[in-house]
Amino acid sequence: MSIRFFRSENSLFMFDPDTYQVHRFEEGRWVLTEDPALREDIRFRSVEVSCAEAQHAACG
């Protein structure tokens with residue numbers, strides 16, 4: 001399992017490259033999203049963060 005985490009200006013994302021599923025952190029939980037524009041947002045307007053950084057951002 002090689003889950004990757006990304007952060008943009010106002011969102012936190014979790015991406016599973018094995019299944020191509022994208023989850024966005026919303027209201028305290030990870031929500032699966034089917035919005036194809038989010039893949040472009042992750043690709044061009046976000047930075048990859050570690051699992052620890054994603055957990056810290058989600059909790060704080």
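See the structure shown above.
Residues numbered from 1 in each chain as written. Predicted model: local features only at pLDDT ≥ 70, side-chain atom pairs only at ≥ 80, totals over all residues. Heavy atoms only, no water.

Q: Any chance you could break down the sheet that holds strand β1 (residues 4-7) for me, citing the residues and the numbers?
A: Where strands meet in a sheet, backbone hydrogen bonds hold them as pairs that are either parallel or antiparallel. Reading across from one edge, β4-β3-β2-β1-β5 is the order of the five strands in this open sheet, with antiparallel pairing throughout. The open sheet is flanked by β4 (29-33) and β5 (47-49), the only strands paired with a single partner. Averaged over all pairs of adjacent strands, the angle between strand axes in this sheet comes to 35°, irrespective of strand direction. With three bridges connecting them, β1 and β5 associate as antiparallel partners. Residue pairing for β5: Phe6 is matched across the bridge by Glu48. In the packing of helix α1 (residues 36-45) onto the sheet, the strands contacted are β1, β2 (12-16), β3 (21-26) and β4, and the crossing angle to β2 comes to about 100°. (Pairing = 2+ DSSP bridges. Helix = DSSP H or I, 4+ residues; strand = E, 2+ residues; numbered from the N terminus. Axes fitted to C-alpha atoms, helices over the stretch in contact; angles between N-to-C directions. Contact = heavy atoms within 4.5 Å.)

Q: Describe in detail the environment of Arg24, supporting the description with residues and values.
A: In this fold, Arg24 is placed in strand β3. Residue Arg24 is classed as partly exposed on the basis of its relative accessible area of 22%. Ignoring sequence-local partners within four residues, the contact set of Arg24 consists of Ser11, Leu12, Phe13, Arg29, Trp30, Val31 and Leu38. Of the polar contacts made by the side chain of Arg24, one reaches the side chain of Glu26; its length is 3.2 Å. (Buried < 20%, exposed > 50% of the residue type's maximum accessible area, 1.4 Å probe, protein only. Polar contact = N/O pair within 3.5 Å; in protein donor to acceptor, adjacent residues only side chain to side chain.)

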